[in-house]
Amino acid sequence: MTNTPWTRRALAATTGLGLVVSLAACSEDATGDDGALVGLITKTETNPFFVKMKEGAQESADEHGVTLQTFAGDYDGDNESQVQAVENLMAAGAEGILITPNDSEAIVPVLDQAVAAGIMVIALDTPTEPADAVDATFATDNFLAGELIGQWAEAHFEALDVEPRVAMLDLNPNQIAVDVDRDQGFLQGLGVDIADPETIGDEDDPRIVGHDVTDGAEEGGRTAMENLLQRDPDLNLVYTINEPAAAGAYEALNAAGRADDVVIVSVDGGCPGVQNVQDGIIGATAMQFPLEMASMGVEAVVEYADSGQGPDNTEGLDFVNTGVELVTDGAVDGLESRDSAWGLENCWG
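About the thresholds
Residues numbered from 1 in each chain as written. Predicted model: local features only at pLDDT ≥ 70, side-chain atom pairs only at ≥ 80, totals over all residues. Heavy atoms only, no water. Patch = residues over 30% accessible without salt bridge, like charges linked within 9 Å, V, L, I, M, F, W, Y side chains within 5 Å. Areas by Shrake-Rupley, 256 points an atom, 1.4 Å probe, with all protein chains shown as cover. Salt bridge = Lys/Arg side-chain N within 4 Å of Asp/Glu carboxyl O. Lys, Arg positive; Asp, Glu negative; His and termini not counted. Charge placed at Lys NZ, Arg CZ, Asp CG, Glu CD. Helix = DSSP H or I, 4+ residues; strand = E, 2+ residues; numbered from the N terminus. Pairing = 2+ DSSP bridges. Contact = heavy atoms within 4.5 Å. Axes fitted to C-alpha atoms, helices over the stretch in contact; angles between N-to-C directions. Disulfide = S-S within 2.5 Å. Parallel < 35°, antiparallel > 145°, perpendicular 65-115°, else oblique. Left-handed = near helix turned anticlockwise from the far one by under 90°. Phe/Tyr/Trp six-rings, centres within 6.5 Å; stacked < 30°, edge-to-face > 60°. Buried < 20%, exposed > 50% of the residue type's maximum accessible area, 1.4 Å probe, protein only. Right-handed = clockwise from strand over helix to strand, strands pointing away. pLDDT = per-residue confidence, 0-100. Arc of directions from axis to C-beta.

Colleague: Pulling in residues and values, what's your account of a negative patch on the surface?
Modeller: Together, Glu59, Asp62, Glu63, Glu292 and Glu299 make up a region of like negative charge exposed at the surface. For the negative patch, the elements supplying multiple residues, two or more each, are α3 (48–64) and α11 (290–307). Position of glutamate 63 relative to the elements: it lies in helix α3.

So this is what it looks like as structure tokens:
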């Protein structure tokens with residue numbers, strides 16, 4: 001198969017088909033419910049993104065008459081708790097496991113065990129390494145998310161007849177996929193030659209002031225912004241990996257007296273970030289949809305139980321795209337967007 005590792009299942013076709021038929025009965029014994037068991041394992045249980053993901057999974061589970069059990073790591077990066085959660089779900093007779101991996105590589109051995117046992121495994125938001133360690137991935141097209149805010153920024157500055165001087169506030173030094181995709185998508189949207197699209201920082205463009213890392217947090221965004229302001233006090237455009245980092249960047253700009261003449265763009269679509277769009281703190285953000293990721297994941301497990309078939313990837317991608325929308329109150333010609341009022345009705349967190 002091109003899109004998903006169904007060929008691995010074919011190696012144990014007789015056993016696998018027996019498991020598909022019998023897992024619902026096992027789940028009934030394990031859960032005391034008539035529905036099959038689906039597990040959701042998130043990175044943490046406190047991040048609003050994962051709270052919304054859990055909400056979407058529960059709504060879909062209720063709609064399809066399946067039982068949902070949820071687990072989470074104790075902290076971002078906690079692989080051990082996620083491994084234990086997979087093992088618990090295997091023992092309970094789960095028919096499907098949805099997971100946002102804390103460690104994309106370290107989680108793979110236990111996921112291999114689950115797949116070998118006939119359980120459908122789906123990654124949400126964060127792909128495994130390798131990506132085909134799971135049956136499917138439901139995620140935001142992060143390159144497109146970055147590209148949309150880059151295109152918006154390019155059009156915005158062209159309308160002002162001002163050349164952008166951009167500070168890049170990335171995630172961390174590890175250059176994980178989501179960080180690289182958003183960074184490179186933004187620069188491509190801005191019209192920068194991105195050189196190697198899998199590498200941050202190898203561009204040679206005078207519009208780029210520099211890169212710094214934020215850990216995706218408000219404090220990190222503030223520190224990174226302070227650092228880049230020292231490098232170029234006249235910068236006028238700030239890209240941030242997410243909206244908490246954008247909030248920190250704004251604090252630093254405000255303290256430096258630059259908040260009113262620097263444009264910030266970001267990615268997420270959380271309610272605080274969209275409110276910052278409405279308040280003029282963020283010029284544009286790209287909204288992703290964690291509720292849809294989890295809801296579509298549960299639906300895929302149900303379909304697998306009925307037909308033994310998994311979902312097809314979005315054309316041109318190696319995952320199922322769960323959608324992205326540009327949110328701004330400064331619409332530009334030729335680029336479809338939603339305003340902050342719509343964003344506040346559809347945001348998460």
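So that's the structure; there's more coming.
Colleague: Tell me about the sheet that holds strand β11 (residues 320–321), and name the residues and values.
Modeller: Strand order in the open sheet made by the six strands is β2-β1-β3-β4-β5-β11, with parallel pairing throughout. The sheet terminates laterally at β2 (67–72) and β11, the two strands that pair on one side only. Relative to strand β3 (residues 96–99), strand β1 (residues 37–42) runs parallel, the two sharing four bridges. When the bridges of β3 are listed, valine 38 appears paired with glycine 96. Contacts from helix α4 (residues 79–91) reach β1, β2 and β3, with the element oriented near 180° to β1.

Colleague: For the state of the cysteines, give the residues involved together with the corresponding values.
Modeller: This structure, assessed with the given rule, holds one disulfide. There is a disulfide in this structure between cysteine 271 and cysteine 347, and the S-S distance comes to 2.1 Å. Across the disulfide from cysteine 271 to cysteine 347, rotation about the S-S bond amounts to roughly 95°, and the bridge is consequently right-handed. In this pair, cysteine 271 is assigned in helix α10 (residues 271–278) and cysteine 347 in the segment after α12 (340–346), connecting sequence segments 76 residues apart.

Colleague: Any chance you could break down the packing of helix α8 (residues 218–231) against helix α9 (residues 243–255) for me, citing the residues and the numbers?
Modeller: Running from N to C, α8 and α9 point in directions that differ by 45°, and their axes come no closer than 6 Å. Classed by the angle they form, the pair α8 and α9 counts as oblique. As for the relative orientation of α8 and α9, their crossing is right-handed in sense. On the side of α8, the interface is formed by Glu218, Gly221, Arg222, Met225, Glu226 and Leu229, while α9 contributes Pro244, Ala245, Ala247, Gly248, Ala249, Glu251, Ala252 and Leu253.

Colleague: Give a description of the packing of aromatic side chains that names residues and reports values.
Modeller: This structure, assessed with the given rule, holds three aromatic pairs. With centroids separated by 5.5 Å and ring planes inclined at 90°, the aromatic side chains of phenylalanine 49 and phenylalanine 50 adopt a geometry described as edge-to-face. Residue classification places phenylalanine 50 among the buried residues on the basis of a relative accessible area of 7%. Between phenylalanine 49 and tryptophan 348 the ring centres are 5.1 Å apart and the planes differ by 85°, which places this aromatic pair in the edge-to-face class. Taken together, the residues span a long stretch of sequence, with phenylalanine 49 in helix α3 and tryptophan 348 in the segment after α12 at a distance of 299 residues. You'll find phenylalanine 49 and tryptophan 348 in the same group, each marked buried. An aromatic cluster of at least three residues, connected via ring pairs, comprises Phe49, Phe50 and Trp348.

Colleague: Explain the pairing of strand β4 (residues 120–124) to me, and be specific about the residues and the numbers.
Modeller: Counting buried positions over the five residues of β4 gives five, a clear majority of the element. Of the two faces of β4, the one carrying Met120, Ile122 and Leu124 and the one carrying Val121 and Ala123 are both buried. Relative to β4, β3 runs parallel, the two being bridged by four bridges. Residue pairing across strands places glycine 96 opposite methionine 120, the latter belonging to β4. Handedness of the crossover is the feature at issue here: the chain leaves β3, passes through helix α5 (residues 108–116), returns alongside β4, and the resulting connection is right-handed. Pairing geometry for β4 and strand β5 (residues 136–139), over three bridges, is parallel. Counted as the bridge partner of alanine 123 is threonine 137 from β5.

Colleague: Give a description of the confidence of the model for the protein chain that names residues and reports values.
Modeller: Per-chain confidence: the protein chain averages 90 in pLDDT, with 90% of residues scoring 70 or above. Counting contacts from residues 1–33, a segment whose pLDDT is below 50, to residues more than four positions away or on other chains yields 58 contacts.

Colleague: With reference to specific residues and values, describe the pairing of β2.
Modeller: Sheet topology note: the β1/β2 ladder contains six bridges and is parallel. Each bridged residue has a counterpart across the sheet, and for leucine 37 the counterpart in β2 is threonine 67. For the crossover that starts at β1, traverses α3 and ends in the parallel β2, the hand is right-handed.

Colleague: Explain unusual backbone geometry residue by residue, including any values.
Modeller: Following glutamate 129, the chain continues into proline 130 via a peptide bond in cis, with omega recorded as 5°. Examined against the element boundaries, proline 130 turns out to sit in the loop between β4 and β5. Positive phi, normally seen in glycine, also occurs at glutamine 175, with a value near 55°. Of note in the backbone geometry, alanine 195 takes a positive phi value of approximately 60° without being a glycine.

Colleague: How would you sum up α5? Please name residues and give values.
Modeller: Turning to α5, its buried residues number three or more, namely Val108, Val110, Leu111, Ala114 and Val115. Seen from one end, α5 has its buried residues packed into an arc of 160°, which puts them on one side. Following α5 by one or two positions, glycine 118 adopts a phi angle in the positive range, close to 90°.

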